[in-house]
Amino acid sequence: MTFGIDDLPIRDELRGKSPYGAPQLDVPVRLNTNENPYPLPEPLVERIAERVREAARELNRYPDRDAVELRTELARYLTRTAGYEVSLANVWAANGSNEVIQQLLQTFAGPGRTAIGFEPSYSMHGLISRGTGTGWISGPRGEDFTIDVAAAEAAIAEHRPDVVFITSPNNPTGTAVEADTVLALYEAAQAARADTAGAIVVVDEAYVEFSHRPSLLPLIEDRPNLVVSRTMSKAFGAAGLRLGYLAAHPAVVDAVQLVRLPYHLSAVTQATALAALEHTDTLLGYVEQLKTERDRLVGELRAIGYEVTESDANFVQFGRFDGEGAAHEVWQQILDRGVLVRDNGVPGWLRVTAGTPAENDAFLEAVRALMKERSEKEQSA
Ligand code: PMP
């Protein structure tokens, strides 16, 4: 018997758990982690090198603790693209939106408090809740993967959560959330916590640049408990950078500073993110191509005979695969053909990220072959 995690005095709620993470397998076509398939354009790579070289000259010093230049540029980007004016005071940045979410939970939840999400949704909301000692409540979602407002309101009224997560577009289903739904749940969450200063509602917009609909950012107007979280991992094609941010009332930005580690955002990260923001237009051009590819995947998967959930993101949920473990079996069969997609554990469904046209063709060819095999088997049976 080797010494393992459970021989250590770890917290009881971590015992027997596995770390988050999709398999990182070395296969020709990887469409499993919702990454942007396009490498950064060469002029941007050059600009990053320049900016990082400048930053390197001052690496003996701590970075700008408040990331003022970066937050100012992020505010400009939001104002330009989301149709609502925000400024430095509304914006906070951290190492990926995962860290933004962690800071929000450390500030507004934690031991003795709870957070709710409507599942299936981004599983890290639950895992970061656990990591911060926050009780996690799995709220309901409708058959078609939209949020059923009445059922969600009832869950909020019953559990009185301190934090409510609304992911739009949702991961792994691709489903966008209507502004009216966010408003209804915001009101329900404030009413349920009327005995306190209310509840924080986090709208996770990691994929919003790929959506057919506008950002929900304007809803922060006059709603100090509403926070919109964003990332440069998807639309900016910079998952390796680790840069996430939020927009909210300035009081929220002041509050998260109570828990952020000093100098959490390195000078190298700030310099790189600033370089990427200089190239916003080029990067958003790739987003347009990916939206076209996403729509093509939806159309072709349906033509092949799969069911596809309406998608506003850079990925598509497809199925259905009936029977216990059926989705995983298909996941393996697609993998055997050199294409890695994601089994998020949603019974009957798999998720594929929109890649380059060639990657998507390889994926479509694999599933077309599978479908053909299946119908041949059914005919001979
Ligand atoms: N929110 C959602 C809905 C996500 O799917 C992801 C990443 N898969 C994140 C947040 C976190 O992204 P990052 O930390 O790279 O910003």
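Residues numbered from 1 in each chain as written. Predicted model: local features only at pLDDT ≥ 70, side-chain atom pairs only at ≥ 80, totals over all residues. Heavy atoms only, no water.

## Section: the packing of helix H5 (residues 149-159) against helix H6 (residues 179-192)
Operational definition: In this analysis, axes come from line fits to C-alpha atoms, helices being fitted only over the stretch in contact, and the angle between any two N-to-C directions falls in the range 0 to 180 degrees. Elements are defined by DSSP. Helices are runs of H or I of four residues or more, strands are runs of E of two residues or more, and each kind is numbered from the N terminus. Reported orientations rely on four angle classes, namely roughly parallel under 35 degrees, roughly antiparallel over 145, roughly perpendicular from 65 to 115, and oblique for the rest. For any pair of crossing helices, the crossing counts as left-handed if the nearer helix is rotated counterclockwise from the farther one by less than a right angle, and right-handed if it is rotated clockwise. Any two residues whose heavy atoms approach within 4.5 Å are treated as being in contact. In this count, Pro and Cys sit with the nonpolar residues alongside Ala, Val, Leu, Ile, Met, Phe, Trp and Tyr, while Asp, Glu, Lys and Arg are called charged and the others, Gly among them, polar.
It is the contact of H5 with H6, at a shortest axis distance of 9 Å, that shows an interaxial angle of 20°. Comparing the axis directions of H5 and H6 gives the class roughly parallel. The handedness of the crossing between H5 and H6 comes out as right-handed. Counted together, Val149, Ala152, Glu153, Ile156 and Ala157 of H5 and Thr181, Ala184, Leu185, Ala188, Ala189 and Ala192 of H6 form the full contact between these two elements. The residue makeup of the contact of H5 with H6, split by class, is nine nonpolar, one polar and one charged.

## So, the side chain of His264
Put simply, the rule is: Buried, partly exposed and exposed residues are distinguished by accessible area as a fraction of the type maximum, computed with a 1.4 Å probe on protein chains only: under 20%, between the cut-offs, and over 50%, respectively.
Looking at where His264 falls in the secondary structure, it is placed in the loop between helix H7 (250-256) and helix H8 (267-278). Given the relative accessible area of 11%, His264 is considered buried.

## What about the site of the ligand?
Our working rule: The near set for a molecule or strand comprises every residue that places at least one heavy atom within 4 Å of it. In protein, a polar contact means a hydrogen-donor-capable atom and an acceptor-capable atom, both N or O and within 3.5 Å, with residues adjacent in sequence counting only if both atoms are side-chain atoms; elsewhere, any N or O pair within 3.5 Å suffices.
As a structural note, the neighbourhood of the ligand is formed by 13 residues, with Ser97, Asp204, Tyr207, Thr231 and Ser233 the closest of them. A distance of 2.6 Å is found between an oxygen atom of the ligand and a side-chain nitrogen or oxygen belonging to Ser233. One of the side-chain N or O atoms of Arg242 is found 2.7 Å from an oxygen atom in the ligand. Sorting elements by how many residues they give to the shell around the ligand places helix H3 (residues 96-108) first, with three residues.

## Brief notes about the sheet that holds strand S12 (residues 349-353)
The criterion, for reference: At least two DSSP bridges between two strands are required for those strands to pair.
The sheet built from three strands is open, its strands ordered S9-S10-S12 with antiparallel pairing. In the strand order of this sheet, the two ends are held by strand S9 (307-308) and S12, each with one partner. Where helix H9 (residues 280-304) meets the sheet, its contacts fall on S9, strand S10 (315-319) and S12, and the angle it forms with S10 comes to roughly 10°. In the packing of helix H10 (residues 326-336) onto the sheet, the strands contacted are S10 and S12, and the crossing angle to S12 comes to about 35°.

## Some words on the domain arrangement of the protein
Basically, it comes down to this: The split into domains, and so the bounds of each, comes from an automatic or database assignment of domains. We define buried area as the total accessible area lost by two parts upon association, computed with a 1.4 Å probe and summed across both.
Each domain of the protein was delimited in the assignment, giving domain 1 (20-40 + 282-380) and domain 2 (57-278). For domain 1 versus domain 2, the separation of C-alpha centres amounts to 27 Å. Taken together, the 24 residues of domain 1 in the interface contact 28 residues of domain 2. Carbon and sulfur atoms supply 59% of the area that domain 1 and domain 2 bury against each other, a total of about 2,200 Å² over both sides.

## Observations regarding the pairing of strand S7 (residues 226-231)
It is a general feature of regular strands that their side chains alternate between the two faces of the sheet. Counting buried residues along S7, six of its six residues qualify, which places the element largely inside the surrounding structure. Residues Leu226, Val228 and Arg230 line one face of S7 and the alternating positions Val227, Ser229 and Thr231 line the opposite face, and both faces are buried. For strand S6 (residues 200-204) and S7, the ladder comprises four bridges, and the chain directions are parallel. By the bridge assignment for S7, Val201 is matched with Leu226.

## Brief notes about unusual backbone geometry
A cis amide bond, omega 15°, links Asn171 with the succeeding residue Pro172. Omega for the peptide link from Gly319 to Arg320 comes to -20°, which places this bond in the cis form. If you trace the backbone, Arg320 turns up in the loop between S10 and H10. With a phi close to 55°, Asn34 is a non-glycine residue in the positive phi region. With respect to the helices, strands and loops of the structure, Asn34 is situated in the loop between strand S1 (29-30) and helix H1 (42-56). Judged by its relative accessible area of 1%, Asn34 falls in the buried class. One non-glycine residue with positive phi stands out, namely Arg242, at about 65°. Here Arg242 lies in the loop between S7 and strand S8 (244-247). For Arg242, a relative accessible area of 32% puts it in the partly exposed group.

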